[in-house]
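Notes for the structure review
Chain by chain, the residues:
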Number of protein chains: 4
Amino acid sequence: MSAPSSSVAPPAERILVGVAGCTGVVGQRFLSMLAEHPWFRLAAISASDKSAGKRYDEAAAWKLTTDLPADIAAMAVLPNTVESFLAAKCVVVFSALDTGVATQFELDLAAAGIKVFSNASSHRMDARVPILIPHANAEHIAILPAQQRAMGYEEKGGYIVTNANCSSTGLVVALRPLQDAFGIDSLFVTTLQAISGAGYPGVPSLDITDNTIPYISGEEDKMEMEPQKILGRVGKVEGEKEERFIPAGFKVSAQCNRVHVIDGHQECVSIKLKQKATLEQVQACLRDWQSEAQLLRLPSAPVHPIHLHTAANRPQPRLDRDRERGFVVTVGRVRECPLFDWKFTLCSHNTVLGAAGGSILNAELAYAKGYITQTKK
Amino acid sequence: MSAPSSSVAPPAERILVGVAGCTGVVGQRFLSMLAEHPWFRLAAISASDKSAGKRYDEAAAWKLTTDLPADIAAMAVLPNTVESFLAAKCVVVFSALDTGVATQFELDLAAAGIKVFSNASSHRMDARVPILIPHANAEHIAILPAQQRAMGYEEKGGYIVTNANCSSTGLVVALRPLQDAFGIDSLFVTTLQAISGAGYPGVPSLDITDNTIPYISGEEDKMEMEPQKILGRVGKVEGEKEERFIPAGFKVSAQCNRVHVIDGHQECVSIKLKQKATLEQVQACLRDWQSEAQLLRLPSAPVHPIHLHTAANRPQPRLDRDRERGFVVTVGRVRECPLFDWKFTLCSHNTVLGAAGGSILNAELAYAKGYITQTKK
Amino acid sequence: MSAPSSSVAPPAERILVGVAGCTGVVGQRFLSMLAEHPWFRLAAISASDKSAGKRYDEAAAWKLTTDLPADIAAMAVLPNTVESFLAAKCVVVFSALDTGVATQFELDLAAAGIKVFSNASSHRMDARVPILIPHANAEHIAILPAQQRAMGYEEKGGYIVTNANCSSTGLVVALRPLQDAFGIDSLFVTTLQAISGAGYPGVPSLDITDNTIPYISGEEDKMEMEPQKILGRVGKVEGEKEERFIPAGFKVSAQCNRVHVIDGHQECVSIKLKQKATLEQVQACLRDWQSEAQLLRLPSAPVHPIHLHTAANRPQPRLDRDRERGFVVTVGRVRECPLFDWKFTLCSHNTVLGAAGGSILNAELAYAKGYITQTKK
Amino acid sequence: MSAPSSSVAPPAERILVGVAGCTGVVGQRFLSMLAEHPWFRLAAISASDKSAGKRYDEAAAWKLTTDLPADIAAMAVLPNTVESFLAAKCVVVFSALDTGVATQFELDLAAAGIKVFSNASSHRMDARVPILIPHANAEHIAILPAQQRAMGYEEKGGYIVTNANCSSTGLVVALRPLQDAFGIDSLFVTTLQAISGAGYPGVPSLDITDNTIPYISGEEDKMEMEPQKILGRVGKVEGEKEERFIPAGFKVSAQCNRVHVIDGHQECVSIKLKQKATLEQVQACLRDWQSEAQLLRLPSAPVHPIHLHTAANRPQPRLDRDRERGFVVTVGRVRECPLFDWKFTLCSHNTVLGAAGGSILNAELAYAKGYITQTKK
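Residues numbered from 1 in each chain as written. Chains lettered and ligands numbered in written order. Predicted model: local features only at pLDDT ≥ 70, side-chain atom pairs only at ≥ 80, totals over all residues. Heavy atoms only, no water.

This part takes up the sheet that holds strand S5 (residues 115-118) of chain A. Residue and element names in this part refer to chain A. Strand order in the open sheet formed by 6 strands is S3-S2-S1-S4-S5-S6, and the pairing between neighbours is parallel. The strands lining the two open edges of the sheet, one partner per strand, are strand S3 (77-79) and strand S6 (159-162). For this sheet the average axis-to-axis angle between neighbouring strands, irrespective of direction, equals 30°. Pairing of strand S1 (residues 15-20) with strand S2 (residues 40-47), which is carried by 6 bridges, proceeds in the parallel orientation. Considered in S2, the bridge of Ala20 is made with Ser46. Sheet contacts for helix H14 (residues 352-368): S1, S2, strand S4 (92-95), S5 and S6; angle to S5, the most-contacted strand, approximately 145°. (Pairing = 2+ DSSP bridges. Helix = DSSP H or I, 4+ residues; strand = E, 2+ residues; numbered from the N terminus. Axes fitted to C-alpha atoms, helices over the stretch in contact; angles between N-to-C directions. Contact = heavy atoms within 4.5 Å.)

In C-alpha cells, the structure reads:
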C-alpha cells in the first residue's frame, strides 16, 4: 500500500475486521489487502464447513502471485456463523460469500450489529442497500441511517453496503463524470471479461484455451440494471416512510463475453449523451474527474480514479490492470461513433477495484465519513 | 472436400489456376484447399523476391495443422510477375498478396486477361469491383461486364473480384437474410478477432498472452463501409456510362478487438430493423437462408450458410469455426435488445470463409455462372 | 476414417459394442470414433447415476471440435451395470471409466462374458492383463487364454485388455524398435503433457494460463513401471500355473509436467542402449518400424506407426498431433547425448492413440487375431 | 526495491551508469530496475540507429506491466558508440545488446575504461571473463585484474563481466550448494522456457498458442558448457602468463523447450552426486545456502538465494517467479531418482535474475568488493 497518506485521522487502534468466505479468489484478495492495512486489523476469517476448523494454509489453495502472509497462513478458519465474528469482536465483516450463502447470513450479521461490506450480489438491488463505488457515487453512503431504521438495525448499529458487479464497476466510474457534465441518454457495452471473475476452480482450461465464450450467466442483466441504481439518486416514493434509491433514467444494452485473460475486464462502450460535446471536452471530463475518495485521500484510493490513455492500442488488461495497485479505471480510444456520440474502451481490475479492493475502499469511506466507530454503536 | 456433389457440370479438364502471395497464412490456406479441388488445378505460385526461385517447402514455414501436400512442397516459387502466370497458362489467379503489392499487380493481371480473385483490400471499394460473398450477394457478380468495359478488360477477358474483410464477411452473411426479410436500419458490432487474421509472424505472443488488444489498424473503417457495398445494389449514377455499386442505406458502428484465439472471429451485434419481427421470425429467417451457393451446390458450399445455435453459450470459436469445413457462419444468442431490436453473436472462420475459402467459393460461383471458361476469352 | 482398407475380412455384421463412461473427454472420443466404424456398431452407452436415464446430448457437454453425431445425441445413457450391456447384446465394452468405478465393474463385465477394452489404469499391472499397444507389443494379446483360465472367464469368453497411460503410450512406441535393434539399458524422460489428459472440467484455467505445473499425481510411477511390462515378455514363474508378464530389465526415470496445450503430449528422452549405433541406424530403425497393426492393415492403423521428423524444431503438439488421424507417434531431434547415447523428442495424441483410439485399435487387433467373434463365445 | 539495507557503505554520490541496447525486453528491465537504484544513477542509454536520436518513449514499445518512469520516458536515446557513454561520464555500462553488436562494442567500451556488465553471450566463454552469478560464484570476480592485464585494460580500468544464459543461471544457483556439500558427478536437465526469453517481438503467437516448441537455437550447448565454467575454478595453464578459468569436471545433458509462459523458466533436473546423501541433507543444503550477496546484503540480493518449496506441485512459474522481486531460485519436488541420485524441479525469473537483475547484482557485488570506484581508475 504505497498510496499517499490520508487526510483523515486514523483510528487510535486499528478496527477489528473479519472476512467471510475467505478461501476463494476474492477472499484471498481481501486477506492480502488487509494484511497490512493502516486502519483495519484482521481478527477473524470464516468459510464453509469443508474448511472450518483448519488452519488457513491447509484450507485454501493460495492462488495470488504474492506470498500468503505467514500470520494469515496460521489463522484458524471459523464457520460461517455470526458468533464467529462476534466472539472476535469484529466491527466490520467483508463478505466474499457465494450468493446462496450470503443472502441470509449477511442479514444476520447486520442484525447482530456488524457493518457488512459485501461483494455478493444478494442485496445489491435492495431499496436501501447502496451499491457503493467511492470513485462514482460516494454520496450514496448517506442512505445508511434510512436502511438502519427500515431494517431495525439502529440499536445495534449494523448495516449492509455492497459493491457492484465487477463489470458494472469499471463502467460506472467512466460514466459518472460524463453524466455530471453532459447527461447520459443511452449506451451499448460489450465486455471481454477475465477468467478470475468466475472464481476458482471457475473456468475449465479446456473451455477457454484458444477460445472465447459469449455468455456469462446473469451478467448482462446486472450490467443493464446496476448502473441505473449506482448513478441514480436518493428520494422518497409515495407510501414509503424512508428514502430509497431511484434509478437514473438512461438505458443500457450489454453483451458479456469471457476471454482468455487472467485479470482485468475490458469493455467497449458506445454512448449517446444528452448534450453535445467536443472530443477535448469528453477527454478532459474523464481525465480530470476527482471523487470523494481522492479528496479524502483514502488509504486505498488512487491519485486519479480514471487514467485516460491516448495511445491507439490501449487500454490492454495485462498492461493496464495493475496501475495504482489495481484501483484505477483506464479509459482509451475515445473517438466519435457513427451511430451514437462517442465510442471508447475501458479496462479495470475485476478482483481489485471490481471486488475486494472496492469493498475495502467502501469501508475506508465509511470510516472517513463517521459510519464506522471503534466500538460497535 | 467432402461437400455434396455440385449441380453444375464440372469442366472437361480442370481449370489452371495460380496463387500470388503463396507463403503467408492465407496463401497456405489457398494451396491446401486447391490441392484436391475438383474444378481447379494449381499450375503456378508466386511470392516476393525473398522466396522466388526456391522450392515451396524451402520458401514457406508451413503453419497449417494438416501436412503440406508433397506435390506442392516441390513446386517452384515464381516471382510476382504477370509473366509467371501467363507462362503457366493460368486462367485464374487467387491473390493473397499484401495490399501494397496487390494494388498495381492485380490491375496488371486483369489487364493481361487473367481473372483475379483477391483477398487483398486494394480494390474492394472500386466502383465496379464486386466484394463478392456467395452466401450474401451472389448477384453482384453481374457487374463484371461493366467492369470489363470500364477498365478495358473486355478483349482479353480479365477482371477483379474481391472478397470482404474477414470480419465483414461473417457479419454480412447474417445481415443479408435480415435485410431481405425486415430491412436494416442500423447496427452496432463489437468483434473479438483471432490472431491468424494478422498473418505470420503477426501478433507477438508477448502482446496477446493473458491479454486483449482493443485496436486493429483500419479494421473498424472497413467494417463500417464494406457491408454497405456488399448489401448495396447495382445502379446508374448520372454522368457515368457504366453501372456501379450504390451503398445500402443503413449505418454501422464497429469496435474491433484482437483476442487470444487462433482461428475464428466472434462478433456481438445489436441491430435495429425497419420492420418489427418476433424472435421466431428472426431465428427462422437466419436458419432457413439459402444462397445461390447452395442452389448451385458449389463444391465448397456448405449445406446451410448459417448455422443457428440455440445453446446459451454458443457460438464459440474453437467449437464452431470448423463446422462444414469452415464455410459456415454460426449465429447464436438471438435475443431482444433493450435499446435496438435484437442482439446476437456470430462466429466464422476468418482464414477459410473470411479469406482463402471465400475467394475459392467466388471462383466456383464465377465458373458456375459462366464467367470462367476453360480457355481465356 | 480414411485409412487404407484392411487385409482382414470384415465381420458379416458389425459387432455390437458399448462404451462405459461415455460423458467424459475420453468417452466422447470413443463415441466419435465408433460413430462410423467399419467393424463395430455402438449399441449401448453408460455413465454414472447423475447422467443415466438422460438423452446423451442432455447428459454430456460435448467438447470435441467435430459435431456430435445426431444418432448418438439421441441415445439413452444407461447406468453403469453389466445388465446395461448384456441387454443390448454387446460383445465388446470400451471402458472410459474413472479408476475408482472401473476396478470392480470391469471384473464384473469380464466375468459376464464381455470383452473389455479399458482405458482405466485399474487392471494394467495385473499379471495376465495385457497393456496392449498394437504399435509396440501386439504379441502380448496371446496372454488372453491364460487370463481366462486364471480368472475363470473361459466359459463365457470375457477378458480384459487395457491400454497404457497416455504418456507411456507414445514412449513405448518409440522404444520398441530401439529395443529390438539395439537393446535398451536405461532412459530418462521428461514430459510436457496436455490439459485434456486431466479430463473435464480438469485443469482450471487459473492454474495453467501463463504457467506450467511440475506435477501430475501418480504419473511418474506409471511411466517408470508400465514400459517395463509393455516391452516385457510372457513367461512362467515358479509356483504359478499360468504364464504371466515378466518385466523388461531396463530402468526409467520420469519427470511429468502439465503445460498449456489442449491435446498432444511431448516427451524429451535420453536413452542408453546396449549396443552402439550410428545416428543413421537409429533414425532408420525408428522410421522403418512396422507393427502388426500395419501388416494387418487394421482400420484405424496409420501407414507408419512412427513419423520421423528431421526439422530442427519438431515435433510440436499443435502441428503434429493430428497426423494420420492422431494414430502416429512423431519423433524428432534425434541427436547424440553427452551422458547417455541418444536424445530425442516425441509427440503423440493423448486422447486418440493414448486413450480411446488406442483401445479401438486394440479391439481391431483382437478381432483380426480371432479373439472376438460375432457371438459371445 | 524493498530489500534489506546493505552492510556496504553506499557511494557518496550515486555512480553514473549507462544501458546499451535499451529498447528491448531486457533493456526495459534494466531501466525499470535502475530508475530508483540506491547506488547507481542512469546517465545514458543507447540503441541501434533506428532508435537513436528519439525520445525513449518514442523509440521503445514499453512492455513491462509497471509504468515507464516519466524521467526515463523523456531521455534521449544515444547511438551505440563509446562516445555516447564517455560523454555522459558513465563509469559502468550495462549491456543488453544482441550478440552480433555486443562482440566488438563491449571490447571497445572496456578498452575505453568502462566497466561492462553484459547480458550478451559474446564474451561468456572468454578465458578471463567471468560468468558471474553472486548467488553461485561470487569469488570469480577476482579474475578481473588478470583480465585487465591480459587485455591491456589496466591503465584505463575497464573490464567485462557477463551473466549466464537465463537457463544456466537458475540451474547453477541450485547446483552450487550441492557441489560444495556432495560433489557433482553428472546431470540431466530438461527446460520449459518462457517466451520473454526470446525478446520482442520474439515468439509469434501462432507458434506458441496451444503448443510447445522443442528447440531453442544454441540453448542446449550453452547449458551444457556454461555451468562447467561458472562452477569451475581459477587456475594456471602451462604456457599462459595469467590465470584463467578451469571448467568443473561434471557432465551435463540438456534438452530445451519453449512453452507458453510469459516469464519464468522451469527446469527438471536429475543429478548424480559424488557422495551419498539423505533427502534431509539435500533439502537442508539447498535451503540453507547463503552466498556472498547475502552476507554483504547487496541492495538487490534476496534474503535467501534459494527458496525450497515442499508442496507437491511447486514451483510454478506464475506463482513463484516474482518471489523477492524475482531474485530467488525456487526449488521443489526434491525426491529420489531411480537412475541417478536425485530429481528436482526449479524455477527462476529469466528476465530478472536470469538477465537484467543478475547484471545489476553483479555490479553491486563489484562495487562492494572495490572493483568500482566513483571515478574511473
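Moving on, we come to the interface of chain A and chain B. The extent of an interface is frequently quoted as the accessible surface area lost upon association of the parts. Each side of the interface is counted separately: chain A has 48 residues, and chain B has 48 residues. Counting each side, the surface lost to burial between chain A and chain B is near 3,800 Å², with a carbon and sulfur contribution of 53%. The largest per-residue losses of area from chain A upon contact with chain B belong to Asp210, Gln255 and Leu339 of chain A, which jointly make up 18% of the total buried on that side. Taken together, chain A and chain B are joined by 10 salt bridges. (Buried area = accessible area lost by both parts, 1.4 Å probe. Salt bridge = Lys/Arg side-chain N within 4 Å of Asp/Glu carboxyl O.)

This part takes up the sheet that holds strand S12 (residues 306-308) of chain D. Residues and elements named next belong to chain D. Strands sit in the order S10-S7-S11-S14-S13-S12 across an open sheet of 6 strands; the sheet is mixed. Looking at the sheet topology across the chains shown, the edges are occupied by strand S10 (251-258) and S12. Geometrically, the sheet is characterised by an average inter-axis angle of 20° between neighbouring strands, direction not taken into account. Set on the sheet, helix H8 (residues 166-182) makes contact with strand S7 (184-193), strand S11 (265-273), S12, strand S13 (329-336) and strand S14 (342-348); between it and S11 the angle comes to about 30°. Here helix H11 (residues 279-287) sits on the sheet and contacts S12, S13 and S14; the angle it forms with S13, its principal contact strand, is near 175°.

Moving on, we get to the interface of chain C and chain A. Each partner contributes to the interface: chain C provides 17 residues, whereas chain A provides 17 residues. Contact between chain C and chain A buries roughly 1,400 Å² in total, counting both sides, with carbon and sulfur atoms accounting for 67%. The interface formed by chain C and chain A includes 2 salt bridges. One salt bridge connects Asp207 of chain C with Lys63 of chain A, and the closest N-O pair in it is separated by 2.6 Å. One can count 8 residue pairs in polar contact (both at pLDDT 80 or more) joining chain C with chain A. Residues belonging to the side of chain C that touches chain A are distributed by class as follows: 9 nonpolar, 5 polar and 3 charged. (Polar contact = N/O pair within 3.5 Å; in protein donor to acceptor, adjacent residues only side chain to side chain. Nonpolar A, V, L, I, M, F, W, Y, C, P; charged D, E, K, R; others polar.)

All names here are of chain A. What the rule picks out here adds up to 35 aromatic pairs over all chains. Each ring, one from Phe94 and one from Phe117, has its centre 6.0 Å from the other, and the planes form 40°; the classification is tilted. Here Phe117 lies in strand S5 and Phe94 lies in strand S4, a separation of 23 residues in the sequence. With a relative accessible area of 0%, Phe94 lands in the buried category. Overall, Phe117 belongs to the buried group, its relative accessible area being 0%. One aromatic cluster is present, formed by Phe30, Phe40, Phe94, Phe117 and Tyr159 through successive ring pairs. (Phe/Tyr/Trp six-rings, centres within 6.5 Å; stacked < 30°, edge-to-face > 60°. Buried < 20%, exposed > 50% of the residue type's maximum accessible area, 1.4 Å probe, protein only.)

So, about the relation of the copies chain A and chain B. The two copies are related by a screw operation: chain A maps onto chain B through 180° of rotation and 0.0 Å of translation along the axis, at an RMSD of 0.0 Å. What the rotation and shift describe, once combined, is the action of a two-fold rotation axis. Interface overlap between copies: 100% of the residues of chain A at the interface are likewise at the interface in chain B, consistent with a symmetric, same-surface contact. (Least-squares fit on C-alpha atoms with pLDDT ≥ 70 in both.)

All names here are of chain D. Membership of the largest hydrophobic core comes to 92 residues, with the highest contact counts inside it found for Phe94, Leu187, Ile271, Val331 and Ile372. By residue number, the principal contributor to this core is helix H14 (residues 352-368), which donates 10 residues. Aside from chain neighbours lying at most four places away, what touches Val331 is Ala174, Leu286, Ile306, His307, Leu308, His309, Pro315, Phe344, Thr345 and Leu346. (Core = buried A, V, L, I, M, F, W, Y, C linked by side-chain atoms within 4.5 Å.)

All names here are of chain D. Of all 10 residues in S7, 9 are buried, a share of seventy percent or more. Two strands pair when backbone bridges link them, and S7 and S11 are joined in this way by 8 bridges, in the antiparallel orientation. Across the sheet, the residue bridging to Ser186 is Lys272, located in S11. Across 8 bridges, S7 lies against S10 in parallel orientation. Its bridge partner being in S10, Ser186 is matched across the sheet by Lys251.

This brings us to the relation of the copies chain C and chain A. Between chain C and chain A, which share one sequence, the superposing operator has a rotation angle of 180° and an axial displacement of 0.0 Å; the RMSD is 0.0 Å. In this assembly the copies share their binding face: 100% of the residues contributing to the interface of chain C also contribute to that of chain A.

Chain-level pLDDT for chain A is 95 on average; 98% of the residues reach the 70-or-more range. With a pTM of 0.96, the predicted complex shows an ipTM of 0.95. (pLDDT = per-residue confidence, 0-100.)

Attention shifts here to the pattern of salt bridges. Going through the model one piece at a time under the given rule, you end up with 80 salt bridges over all chains. As a salt-bridge pair, Arg287 of chain D and Asp288 of chain D come within 4.0 Å of each other at their nearest N and O atoms. Its relative accessible area of 51% is what places Asp288 of chain D among the exposed residues. Taken together, the shared-partner salt bridges connect Glu220 and Glu224 of chain A together with Arg333, Arg335 and Lys343 of chain B into one network.

Turning our attention to the side chain of Gln193 of chain B. Its location among the elements puts Gln193 of chain B in strand S7 (residues 184-193). Contact partners of Gln193 of chain B, with chain neighbours within four places excluded, come to Ser167, Ile216, Glu219, Cys256, Asn257, Arg258, Val259 and His265 of chain B.

Okay, the packing of helix H1 (residues 25-34) of chain D against H14 of chain D next. All names here are of chain D. Between H1 and H14, the shortest axis-to-axis distance is 9 Å and the interhelical angle comes to 45°. Judged by the angle between their axes, H1 and H14 are oblique. When the axes of H1 and H14 are compared, the crossing they make is right-handed. Contacts between H1 and H14 involve Val26, Arg29, Phe30, Met33 and Leu34 from the first element and Val352, Ala355, Ala356, Gly357, Ser359 and Ile360 from the second. Grouping the constituent residues of the contact of H1 with H14 by class yields 8 nonpolar, 2 polar and 1 charged. (Parallel < 35°, antiparallel > 145°, perpendicular 65-115°, else oblique. Left-handed = near helix turned anticlockwise from the far one by under 90°.)

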